Amino acid sequence: MHDIHIIGGGLAGSEAAWQLAEAGLTVRLSEMRGSGDTTPAHETDRLAEMVCSNSFRSDDAENNAVGLLHQEMRDLGSLVMRAADKHRVPAGSALAVDRAEFAAEITGAIEGHPRITVVRERVDALPEGPTIIATGPLTAPGLASAIAGATGAGALAFFDAIAPIVHHDSVDMDICWMAARWDKGGKDYINCPMNREQYDAFIAALNAGEKTEFKEWERDTPYFEGCMPIEVMAERGPETLRFGPMKPVGLDDPRTGRWPHAVVQLRQDNALGTLWNIVGFQTKLKHADQVRIFRTIPGLENAEFARLGGIHRNSFIRSPELLDHELRLKARPNIRFAGQITGCEGYVESAAIGLLAARFAAAEGRGTALSPPPLETALGALLGHLTGGAVAQTYQPMNINFGLMPPLEGKSRKADRKKAYTTRARASLATWIDGQRALQPA
């Protein structure tokens, strides 16, 4: 009844389904949300729901690796990027979206495609036919056990925390001000300034606050360094947050003309501008202490929270030793993996791996071969890292970055290197796309 089965309707699964359907294949997309099952992090049954943040990070395609990845995905007809561009909200040089409208857009496109059948069901066993598993870091226990049985290697796991969201009309804008760091990209962030005394008291409150207690099976699960709970960072030293999410550099307080001792930033979370998330404030504090402690932030004394922070367990496979260069499971080549379960980190990275898994599967379904994107591209560098470039024994989730790409040839000024990486990547991707077109039947 279908050419390929996709399990998981997050960003990776949705992107994969779209790419396959646009290539002419029929798809069964299984999503357990809406069938009576859910996850600890999701709030709706919409496809491609963004649960942690509403940001795709930098959209600068000339000087930033994730911005380059955005552009490469646009060049390949990404549904996720099309929806993100359509529903973006102000965020300086970053690409942030109204998460509700974004998910609704993806859901409508997938459910309305004539070659995609969305089935609300939980899948607990590995299918025998062509399959892409994109169940993400919150894979249901039954399927997780089946994956562990097929791989012969235990899944790794880490914690991922969710930042709280504040109602805009509860923020005191007589204390806060609108600006982006170094005035780059527009005045798109709400900035809450702290002096030294306020900052020290805030750190002390974080350290003393009551935290969520872990279940026995969670106790030895490590955190991912790229999504560290704010109170865990505070435990590492009193100055840690001032060099992390609360750094004040590049933010002139208009009341003093100087940088504050520390700054808490809020980023717009929906198109109406009524909801704002606290940037970098992932947390495992209990809800009552979140409200009490976060209301000590200047400007948030009367904050009303649309959502408080939370924490959930993430799992991913040891991709460098388990997957081939086309994202197939070596032990079961009919199975491909995509998204965060492969160990990529970030919304756009997950969607990018979904896009590639689908294109590899489409080529295989047509009886042809698709060469991987060049390592000089953002897509190729991310794929190469997941499928062999990383050390399997110490494998940790990874965002796209220039360090995953081959070094530049010759010497260049440090100020010019990022632009040199992106210029080389665009040329490499264009050559790769032209080569794939040449292989298509007339």
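Shown above is the structure to which this text applies.
Here's what I pulled together on the structure shown here.

**Let's talk about the pairing of strand S1 (residues 4-7)**
- Side chains Ile4 and Ile6 of S1 all project onto a buried face; the interleaved residues His5 and Ile7 project onto the opposite face, where all are buried too.
- The sheet contact formed by S1 and strand S2 (residues 27-31) spans four bridges and is parallel. Among the inter-strand pairings, Ile6 is bridged to a residue of S2, identified as Leu29.
- Once the chain exits S1 it traverses helix H1 (residues 11-22) before rejoining the sheet at S2, and the crossover so formed is right-handed.

**Observations regarding a positive patch on the surface**
- A surface patch of positive charge is lined by Lys184, Lys414, Arg417 and Lys418.
- Checked against the element boundaries, Lys418 lands in helix H12 (residues 417-439).
- For Lys418, a relative accessible area of 46% translates into the label partly exposed.

**Observations regarding the packing of aromatic side chains**
- All chains considered together, the criterion is met by seven aromatic pairs.
- Note on Phe56 and Phe102: the rings are 5.7 Å apart at their centroids and 65° apart in plane angle, and the pair reads as edge-to-face. Taken together, the residues span a long stretch of sequence, with Phe56 in strand S3 (residues 55-58) and Phe102 in helix H4 (residues 99-111) at a distance of 46 residues.
- According to the relative accessible area criterion, Phe56 is buried, its value standing at 1%.
- Residue class for Phe102 comes out buried when judged on its relative accessible area of 0%.
- When the centroid spacing of 5.9 Å and the interplanar angle of 70° are considered together, the rings of Phe316 and Tyr395 count as edge-to-face.

**A short note on the packing of H1 against helix H10 (residues 347-365)**
- Interhelical geometry of H1 versus H10 gives an angle of 35° and a closest axis separation of 7 Å. Judged by the twist between their axes, the crossing of H1 over H10 is right-handed. The segment H1 lies against H10, with Leu11, Ala12, Glu15, Ala16, Gln19 and Leu20 engaging Tyr347, Ser350, Ala351, Gly354, Leu355, Ala358, Arg359, Ala361 and Ala362.
- Here the contact of H1 with H10 is built from residues that sort into 10 nonpolar, three polar and two charged.

**Remarks on the side chain of Glu49**
- The residue Glu49 is located in the loop between S2 and S3 in this model.
- For Glu49, the side chain forms a polar contact with the side chain of Arg33, separated by 3.5 Å.
- At a separation of 2.9 Å, a polar atom in the side chain of Glu49 contacts the main-chain amide nitrogen of Glu43.
- If we ignore the near neighbours within four places in the chain, the residues touching Glu49 are Leu11, Arg33, His42, Glu43, Thr44 and Ala103.

**Structural notes on the sheet that holds strand S11 (residues 189-194)**
- Ordered in space as S10-S11-S12-S13-S9-S14, the six strands form an open sheet in which the pairing is antiparallel. Whereas interior strands pair on both sides, the edge strands pair on one side only; in this sheet they are strand S10 (177-179) and strand S14 (305-307). Pairwise comparison of adjacent strand axes, ignoring direction, gives a mean angle of 40° for this sheet.
- Sheet strands touched by helix H6 (residues 196-208): S11 and strand S12 (262-268). Its angle to S11, the strand with the most contacts, is close to 95°.

Rules and cut-offs
- Residues numbered from 1 in each chain as written.
- Predicted model: local features only at pLDDT ≥ 70, side-chain atom pairs only at ≥ 80, totals over all residues.
- Heavy atoms only, no water.
- Buried < 20%, exposed > 50% of the residue type's maximum accessible area, 1.4 Å probe, protein only.
- Helix = DSSP H or I, 4+ residues; strand = E, 2+ residues; numbered from the N terminus.
- Pairing = 2+ DSSP bridges.
- Right-handed = clockwise from strand over helix to strand, strands pointing away.
- Patch = residues over 30% accessible without salt bridge, like charges linked within 9 Å, V, L, I, M, F, W, Y side chains within 5 Å.
- Areas by Shrake-Rupley, 256 points an atom, 1.4 Å probe, with all protein chains shown as cover.
- Salt bridge = Lys/Arg side-chain N within 4 Å of Asp/Glu carboxyl O.
- Lys, Arg positive; Asp, Glu negative; His and termini not counted.
- Charge placed at Lys NZ, Arg CZ, Asp CG, Glu CD.
- Phe/Tyr/Trp six-rings, centres within 6.5 Å; stacked < 30°, edge-to-face > 60°.
- Axes fitted to C-alpha atoms, helices over the stretch in contact; angles between N-to-C directions.
- Left-handed = near helix turned anticlockwise from the far one by under 90°.
- Contact = heavy atoms within 4.5 Å.
- Nonpolar A, V, L, I, M, F, W, Y, C, P; charged D, E, K, R; others polar.
- Polar contact = N/O pair within 3.5 Å; in protein donor to acceptor, adjacent residues only side chain to side chain.

Spatial relationships are all this shows, so hold off on functional conclusions.
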